[in-house]
Amino acid sequence: MTRTYPDDPAGEFPRPPRTITDREDRTIDVISADDADTESLVEMYLDFDPADRAQGIPPVKEDAIREWLDTILDDDCVNVVAKHDGVVAGHATLVPDNDAEHELAIFVLQAYQGAGIGTALVETLLGHGQAEGIGHVWLTVERWNEPAISLYEKVGFETSSAESFEIEMAIRL
């Protein structure tokens, strides 16, 4: 499938690690994920609200969560996590789908949504991707998910396809 990307690259994004204060006045550390975060990520995904799942991810059962994390925490993927008081509150990943393109996925626990953590995760993930030499990132989002669409547009994603119940968006790094 040939995707359409914006002609101009986005500007520079912040790289991990970084610390932000969210809109709830919580200190959030956005760091690069590594194997040491696996158990914290499993716990986050076990607590994840089923209503916030899309396209079958994240999985529901612990074994499936662990298998999925084994795949996306692989060396060819780029991952960042948001931690509040040592607890993982959000996770974002870039997963390669061919040599030149990566798909973005982001997950934020319900208790932390709407506080700016998603924006910090996406920006930091894109900065980490820039540092890794990634040039093209795309995602799909359900067209009713206006908060997510607004976030993606704010950081520079543009709609590349809107032909189904999902919108495809893309950014050139």
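Look a little higher up for the structure.
None of these values were measured; they are calculated from a predicted model.

Cut-off values and rules
- Residues numbered from 1 in each chain as written.
- Predicted model: local features only at pLDDT ≥ 70, side-chain atom pairs only at ≥ 80, totals over all residues.
- Heavy atoms only, no water.
- Salt bridge = Lys/Arg side-chain N within 4 Å of Asp/Glu carboxyl O.
- Buried < 20%, exposed > 50% of the residue type's maximum accessible area, 1.4 Å probe, protein only.
- Pairing = 2+ DSSP bridges.
- Helix = DSSP H or I, 4+ residues; strand = E, 2+ residues; numbered from the N terminus.
- Axes fitted to C-alpha atoms, helices over the stretch in contact; angles between N-to-C directions.
- Parallel < 35°, antiparallel > 145°, perpendicular 65-115°, else oblique.
- Left-handed = near helix turned anticlockwise from the far one by under 90°.
- Contact = heavy atoms within 4.5 Å.
- Nonpolar A, V, L, I, M, F, W, Y, C, P; charged D, E, K, R; others polar.
- Lys, Arg positive; Asp, Glu negative; His and termini not counted.
- Core = buried A, V, L, I, M, F, W, Y, C linked by side-chain atoms within 4.5 Å.

S.K.: I'd like to hear about the pattern of salt bridges, residue by residue, with values.
M.R.: Applying the stated criterion across every chain, the model contains 8 salt bridges. Of the charged contacts, one joins Arg26 and Asp22 as a salt bridge, the two residues approaching to 2.7 Å between their closest N and O atoms. The pair formed by Arg26 and Asp22 is uniform in burial state, with each residue classed as buried.

S.K.: How would you summarise the sheet that holds strand β4 (residues 87-96) if you had to cite specific residues and measurements?
M.R.: One open sheet accounts for 8 strands, arranged β1-β2-β3-β4-β5-β6-β8-β7; its pairing is mixed. The strands lining the two open edges of the sheet, one partner per strand, are β1 (18-21) and β7 (158-161). Strand-to-strand twist across the sheet, computed as the mean angle between neighbouring axes with direction ignored, equals 30°. Where strand β2 (residues 27-32) meets strand β3 (residues 78-84), 4 bridges bridge the pair, whose relative direction is antiparallel. Within β3, the residue paired with Ile31 across the bridge is Val81.

S.K.: How would you explain the pairing of β2 if you had to name every residue and give the values?
M.R.: The pairing of β1 with β2 spans 4 bridges and is classified as antiparallel. Residue pairing for β2: Ile20 is matched across the bridge by Ile28. Counted along the chain from β1 to the antiparallel partner β2, the turn is 5 residues long, and its residue Asp25 has a positive phi close to 65°.

S.K.: Can you tell me about the packing of helix α1 (residues 38-47) against helix α2 (residues 62-72), naming the residues and giving the values?
M.R.: Where α1 meets α2, the axes come as close as 10 Å, and the angle between the chain directions of the two elements is 130°. What the angle tells us is that α1 and α2 run oblique. Seen from above, α1 lies across α2 with right-handed handedness. Only Glu62, Ile65, Arg66, Trp68 and Leu69 of α2 make contact with α1, whose side of the interface consists of Thr38, Glu39, Leu41, Val42, Tyr45 and Leu46. Looking at the contact of α1 with α2 residue by residue, the class counts come to 7 nonpolar, 1 polar and 3 charged.

S.K.: Quick one: what's the story with the side chain of Glu142, residue by residue and with numbers?
M.R.: Structurally, the position occupied by Glu142 is in strand β6 (residues 136-142). Although Glu142 is buried, it makes no salt bridge; Arg143 carries the closest opposite charge, 11 Å away. The residues contacting Glu142, other than those within four sequence positions of it, are Ala54, Ile149, Phe165 and Glu166.

S.K.: Tell me what's going on with the nonpolar core, and back it up with residues and numbers.
M.R.: Core analysis: the largest hydrophobic core is formed by 50 residues, its most contacted members being Leu104, Leu126, Tyr152 and Phe157. Among the elements that take part in this core, helix α3 (residues 117-131) stands out by supplying 6 residues, more than any other. Discounting chain neighbours no more than four positions away, the residues touching Leu126 are Phe13, Leu104, Val137, Val155, Phe157, Ile171 and Leu173.

S.K.: Any chance you could break down unusual backbone geometry for me, citing the residues and the numbers?
M.R.: Between Pro16 and the following residue, Pro17, the backbone shows a cis peptide bond with an omega angle of 0°. Relative to the helices and strands, Pro17 is located in the segment before β1. In this structure, the amide linkage connecting Ile57 to the following residue, Pro58, adopts the cis form with an omega of -5°. Among the structural elements, Pro58 can be located in the loop between α1 and α2. Even without being glycine, Asp25 reaches a positive phi, approximately 65°. Using a relative accessible area of 64% as the deciding quantity, one classes Asp25 as exposed. In this structure, Asp85 is a non-glycine residue whose phi angle is positive, near 50°. Tracing the backbone through its elements, the reader meets Asp85 in the loop between β3 and β4.

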